[in-house]
Amino acid sequence: MRGSIFTMISTAIGAGCLALPLAFYYVGAILAPFFVLLGLAISYNGVISIAMAADKHKIYHYPALVKKTLGKKWGIALEIIIVFYVIGTVLAY
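How each quantity is defined
- Residues numbered from 1 in each chain as written.
- Predicted model: local features only at pLDDT ≥ 70, side-chain atom pairs only at ≥ 80, totals over all residues.
- Heavy atoms only, no water.
- Helix = DSSP H or I, 4+ residues; strand = E, 2+ residues; numbered from the N terminus.
- Buried < 20%, exposed > 50% of the residue type's maximum accessible area, 1.4 Å probe, protein only.
- Contact = heavy atoms within 4.5 Å.
- Areas by Shrake-Rupley, 256 points an atom, 1.4 Å probe, with all protein chains shown as cover.
- Expected span 1.5 Å × (residues − 1).
- Arc of directions from axis to C-beta.
- Salt bridge = Lys/Arg side-chain N within 4 Å of Asp/Glu carboxyl O.

(A) Region of interest: the overall build of the protein. The secondary structure content of the protein amounts to four helices and zero strands. For the protein, the sequential pattern of α-helices and β-strands runs α-α-α-α. The buried share of the protein, reckoned over its 93 residues, is 11%. Nonlocal contacts in the protein, meaning residues at least 24 apart in sequence, comprise 39% of its contacts between residues at least 6 apart. Of the roughly 7400 Å² of accessible surface on the protein, 76% is carried by carbon and sulfur atoms.

Printed below as a string of structure tokens:
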């Protein structure tokens, strides 16, 4: 699970670093730090929630955790989303 989280984070950080200056330009120097901190808080809460669910169910593979907590349909949906995410990342770079 740790490997997949780091892979997704590194991909998101790579694209985010390229887009961040433009976002600051459009939003402005006052609101941009607020939105960055808001994104930080949301991301932190999401990662903590995933870690707590993984610890509770003793499942440390993200797709298996989704299937266990949300059901088989959401597990399949997650796998499809991951495939499109990877394809989109490859095409973007």
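(B) Region of interest: helix H4 (residues 72-92). Helix length check: H4 (21 residues) gives 30 Å between terminal C-alpha atoms against 30 Å at 1.5 Å per residue, within 8%. Turning to H4, its buried residues number three or more, namely Gly-75, Leu-78 and Thr-89. One face of H4 carries all of its buried residues, which in axial projection span an arc of 50°. Pointing more than 90 degrees away from the buried face of H4 are the exposed residues Lys-72, Lys-73, Phe-84 and Leu-91.

(C) Geometry of the pattern of salt bridges. Under the defined criterion, the tally for this structure stands at two salt bridges. One salt bridge connects Asp-55 with Lys-58, and the closest N-O pair in it is separated by 3.5 Å. By relative accessible area, which is 43% here, Asp-55 ends up partly exposed. For Lys-58, a relative accessible area of 56% puts it in the exposed group. Between Glu-79 and Lys-67 there is a salt bridge whose closest N-O contact spans 3.2 Å.

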